[in-house]
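# Structural characterization, general
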Amino acid sequence: MFRNLCGALFLALACASPSTAQESLDLRNVDLKGFVRIVAEESNRTFVLDPSVNGQVNVVGPSNVSPDALYEIFLNVLELNGLTIVEGREADRIVPISSASTLSAQERTPSPPGGFETRVIRLLSADPNDVASVIRPLLPDDAVLSVVENSQSLIISDRAENFARIEAVIARLDSQSQSVETIPVRNGSAPEMVQTILSLNIAPVGATLSADARANTLVVAGPAAFRDRVRQLVRELDTPQRTLLTRVVRLAYADATQLADVVSRSFGATTDAEGTPQAGTVTVVADTQSNALIITAPADRSHSIVQAIQALDRRPDQVLIEALIFELSVQTFSDLSVQFGAVLNDAVAGGAQFSLDGRQTLSGVLSAADDGQVADPGSGGFIAGEQQSGDNRIAGFLTALSRSSTTRVLSTPSILTLDNQEAEIIVAQNVPFVTGSFSTVGDSAVPEQPFQTIERQDVGLTLRVVPQITLDDTVRMSISQEVSNLTNASSDAGGEITAKRSIRTNVIVRDGSVIMLGGLLEDGNGSVGQRVPGASNLPIIGNLFRGRSANADQRVLLVMLRPRIVSTDAEAAALSAQAARDARAASNLIQPLDDGRFPRVPDGRLPFDGADLNQPFDALFVDSVARERMFPPLPSPLRFGEGGLE
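Residues numbered from 1 in each chain as written. Predicted model: local features only at pLDDT ≥ 70, side-chain atom pairs only at ≥ 80, totals over all residues. Heavy atoms only, no water.

Under an unreviewed UniProt entry, the name given to the chain is General secretion pathway protein D, and the source organism is Roseivivax lentus. The UniProt entry for the chain carries the following comment under Sequence similarities (unreviewed entry): "Belongs to the bacterial secretin family. GSP D subfamily." Its UniProt record gives the chain a comment under Subcellular location (unreviewed entry), which states: "Cell outer membrane". (UniProt positions renumbered as here; feature names shortened; annotations may be inferred.)

With that out of the way, let us pick up the overall build of the chain. Across its full length, the chain carries 13 helices and 27 strands. Considering the chain as a whole, with its 646 residues, one finds that 31% of them fall into the buried category. Considering only residue pairs separated by 6 or more positions, the chain has 63% of its internal contacts joining residues 24 or more positions apart. Surface summary for the chain: the accessible area is close to 39,900 Å², and the carbon and sulfur share equals 51%. (Helix = DSSP H or I, 4+ residues; strand = E, 2+ residues; numbered from the N terminus. Buried < 20%, exposed > 50% of the residue type's maximum accessible area, 1.4 Å probe, protein only. Contact = heavy atoms within 4.5 Å. Areas by Shrake-Rupley, 256 points an atom, 1.4 Å probe, with all protein chains shown as cover.)

Attention shifts here to the packing of helix α7 (residues 190-198) against helix α8 (residues 224-237). Viewed as axis vectors pointing N to C, α7 and α8 meet at an angle of 120 degrees, and their least axial separation amounts to 11 Å. As summarised for this structure, α7 and α8 are arranged oblique, according to the angle between their axes. Two packed elements cross with a definite hand, and for α7 against α8 that hand is right-handed. Residues M193, T196 and I197 of α7 lie in contact with α8, whose contacting residues are V230, L233, V234 and L237. (Axes fitted to C-alpha atoms, helices over the stretch in contact; angles between N-to-C directions. Parallel < 35°, antiparallel > 145°, perpendicular 65-115°, else oblique. Left-handed = near helix turned anticlockwise from the far one by under 90°.)

The next thing to look at is the confidence of the model for the chain. This prediction gives the chain a mean pLDDT of 77; 78% of its residues lie at or above 70. For the chain, helix α1 (residues 2-14) is the element with the lowest average pLDDT, namely 42, and strand β13 (residues 283-287) is the one with the highest, namely 91. Segment residues 1-20: pLDDT under 50, and 18 contacts once partners within four positions in sequence are set aside and those in other chains are kept. (pLDDT = per-residue confidence, 0-100.)

Attention now goes to the layout of surface pockets. Estimated volume of the largest pocket: approximately 600 Å³. For the largest pocket, the lining is made up of 15 residues, of which A254, Q258, L312, D419 and Q421 are closest to its centre. Of all elements in the fold, only α9 (256-266) and α10 (299-312) reach the threshold of two or more residues within the lining of the largest pocket. Here the residues of the lining of the largest pocket sort into 8 nonpolar, 4 polar and 3 charged. Domain assignment of the residues forming the lining of the largest pocket places at least three in each of domain 4 (244-314) and domain 5 (318-370 + 380-435 + 451-567). Computed from the structure, the second largest pocket encloses a volume of approximately 480 Å³. Together, 25 residues line the second largest pocket, and T407, V409, N485, L486 and R501 are the ones closest to its centre. Secondary structure elements with two or more residues in the lining of the second largest pocket: β15 (318-344), β18 (392-411), β20 (423-441), β21 (447-469), β22 (474-490) and β23 (496-510). By residue number, the principal contributor to the lining of the second largest pocket is β22, which donates 6 residues. (1 Å grid on protein atoms, 1.4 Å probe; cavity = no way out; pocket = protein on both sides within 12 Å on 5 of 7 lines; lining within 4 Å. Points joined across faces, edges and corners; volume = space filled by probe spheres on them. Nonpolar A, V, L, I, M, F, W, Y, C, P; charged D, E, K, R; others polar. Domains from an automatic or database assignment.)

Turning to a negative patch on the surface, a few remarks are in order. On the surface, a cluster of negative charge is made up of D472, D473, D511 and E571. Here D472 shows up in the loop between β21 and β22. Note on D472: relative accessible area 44%, which makes it partly exposed. (Patch = residues over 30% accessible without salt bridge, like charges linked within 9 Å, V, L, I, M, F, W, Y side chains within 5 Å. Salt bridge = Lys/Arg side-chain N within 4 Å of Asp/Glu carboxyl O. Lys, Arg positive; Asp, Glu negative; His and termini not counted. Charge placed at Lys NZ, Arg CZ, Asp CG, Glu CD.)

Judged by pairing direction, the sheet is antiparallel, and its 3 strands sit side by side in the order β12-β14-β13 without closing on themselves. With partners counted over all chains shown, the strands left at the sheet margins are β12 (244-250) and β13, one partner each. Strand after strand, the sheet turns through a mean of 15 degrees between neighbouring axes, direction not considered. As paired elements, β13 and strand β14 (residues 292-298) share 5 bridges and run antiparallel to each other. For D287, the partnering residue across the bridge sits in β14 and is A292. Packing against the sheet, α9 makes contact with β13 and β14, and its axis sits at approximately 175 degrees to β13. (Pairing = 2+ DSSP bridges.)

Pairing within the open sheet is antiparallel, and its 3 strands lie in the order β9-β11-β10. Each edge of the open sheet is held by one strand with a lone partner, namely β9 (179-184) and β10 (208-212). Taking each pair of neighbouring strands and ignoring which way they run, the sheet shows an average axis angle of 20 degrees. Inspection of the sheet shows β10 paired to strand β11 (residues 217-222) by 5 bridges, in the antiparallel sense. The residue of β11 that forms the bridge with A211 is L218.

Our focus in this paragraph is helix α12 (residues 569-590). Spanning 22 residues, α12 covers 32 Å between terminal C-alpha atoms, matching the ideal 32 Å at 1.5 Å per step. Those residues of α12 that fall on the buried side of the exposure criterion are A572, A577, A580 and S587. With its buried residues spanning 130 degrees around the axis, α12 presents them on a single face. Opposite the packed face of α12, turned more than 90 degrees from it, sit the exposed residues A570 and L589. (Expected span 1.5 Å × (residues − 1). Arc of directions from axis to C-beta.)

Another point: the pairing of strand β19 (residues 414-418). Only one face of β19 is buried, namely the one carrying I415 and T417, since none of S414, L416 and L418 on the opposite face is buried. Here β15 pairs with β19 via 5 bridges, running antiparallel. Pairing of V319 across the sheet is with T417, part of β19.

Turning our eyes to something else, we now look at the pairing of strand β25 (residues 546-566). Two elements, β15 and β25, share 20 bridges in a ladder whose sense is antiparallel. For V319, the partnering residue across the bridge sits in β25 and is I565. In this structure, strand β24 (residues 515-531) lies alongside β25, joined through 16 bridges in antiparallel fashion. From the neighbouring strand, V528 faces β25, where its bridge partner is S549.

Across soluble globular proteins, you tend to see nonpolar side chains buried next to one another. Counting 23 residues, the largest nonpolar core has I321, V465, M477, I479 and L517 as the members making the most contacts within it. Every residue in contact with I321, bar those within four places of it in the chain, is listed here: P413, S414, I415, V465, P467, M477, L561, R562 and P563. (Core = buried A, V, L, I, M, F, W, Y, C linked by side-chain atoms within 4.5 Å.)

Of note, the amide linkage connecting F598 to P599 takes the cis form, showing an omega dihedral of -10 degrees. In this fold, P599 is placed in the loop between α12 and α13 (624-629). A positive phi angle is found at N420, which is not glycine, with a value near 65 degrees. Among the structural elements, N420 can be located in the loop between β19 and β20. Its relative accessible area of 44% is what places N420 among the partly exposed residues.

A few words now on the pattern of salt bridges. Under the definition given, this model contains 14 salt bridges. For K500, the salt bridge identified is with E482, shortest N-O distance 3.7 Å. Of this pair, K500 sits in strand β23 while E482 sits in strand β22; the two residues are 18 residues apart in sequence, bridging distant segments of the chain. By relative accessible area, K500 is classed as exposed at 55%. Note that R597 is salt-bridged to D595, the shortest N-O span being 2.9 Å. For R597, a relative accessible area of 61% puts it in the exposed group.

What follows is the structure, encoded as structure tokens:
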């Protein structure tokens, strides 16, 4: 059928002269190459087809067509199939439009219409870039436009029939009475804004307004007043969207109250003098019951706010802080003295007496004995003697003492806390201290309504720490460490004296490394010597006229810390199991031996051995004998399995 149609059309057109032959043209599903052959025979032109030329032709023409109309129909068919003609001297090439601009074209006389041409258009005064921005949307997609800024020229490759329209637009833009200006559109759409401005009919004669969708800009050509008017309209129309959206963001780990303040300050949420959020701005409200944030913001900002919240709401790491506090103190004291004296006729005749720390004097011992009281010579060894004859007597008193006391404190507190959250552990006694007293004295000497004011303070071990995990797996810690104890000594103003050692510092420690915060070595000593001048220098008997006491104190304090970053549940479970094993080993060491005799020694060891921490807690303190003998029996303890309670 194709060959019959083509043959019939060719014979009908060939029998008539090119200027007078007219035939009806009605083609259905005709091969494009066959249609090119028909046109070549009719127009007496030679065509070279690109290998990619292929397709079918459908032309419906109920009226007769002339050869010129046939060639115009031929050009339309090529354009619909994405093809064009590149002219030559002896032959024309039919190629795809996309590759036509890269092929060379040779002029022929006369030049037939419909070919793909490349022209250089020089501009007189207009900016080539501004003109290119205006005409680029007017060109077909297959056209090529290049700007040569140095030569004030434009290079355009397009169909020959389009050049007349493009050159006319360029000529109007290149006139001396007009200027070209580009106006960027930041929030809206440039093509939609062009339609809005053109609908106002404010453009004067000769002015143009177009949009560059790729750069989202407006290109305005015209008088200065028109450009100013367009610029003002764009400023008024190009505003952010004011549609408010409200979203509820549930938080998994972060605290809603704290995060609400961060989001409000980050995204510029504003309130009036009474604290009420202003209309049209970002508002953030925290719901503490559901731990959620209620966000009200413009539609164009809502998504970025939610993304920021989700980035902040991540599972925090934990830090296990292990501390070792070791303190050893040793106090020694010694004295040696000889005291003697003679009494003649109830009057002291002479002797040697010394007053040493913690030691009675000879006169004090004799006075207590004369009063019938038991004389207390003090601690240590002593030898005393008295010889009396009538009102005359002589007495002697020899004392010697060597004393030492040792205190050893070893504490290993451990505490687990969230990243950047303060943790505190206190192991101390709450000791009352009298801070004041008051009594009302009436007519009698007995006070009326007496009372004292008491203040309680913790005496023992206190550890406060705020860890912060850095990006390189180090831990920055703000540490406050305090160790205090009672000294069993009282001040002159009353009240017991306490000893206190504290450390406040900020350190950075690698994960799992040990750091020593304070190492204190204190060594103090003193002595008190009393003697009788002259007599104490005599050989041998000079020792009877001397008394001396000496004391020495030594103290060692060591504080060490080791932080460990706990990121997963498996790491936390492993550390918990290890802590349980260490506690059970320590309890085994201090557990008293049970020899099997009455009364029996109860088992005081830690019930958890570190192998299974997920066990019922009530099974640890309910007596198994009571469970078996009571009727009805006690219910079995709850056990925790992987699927929940069993």
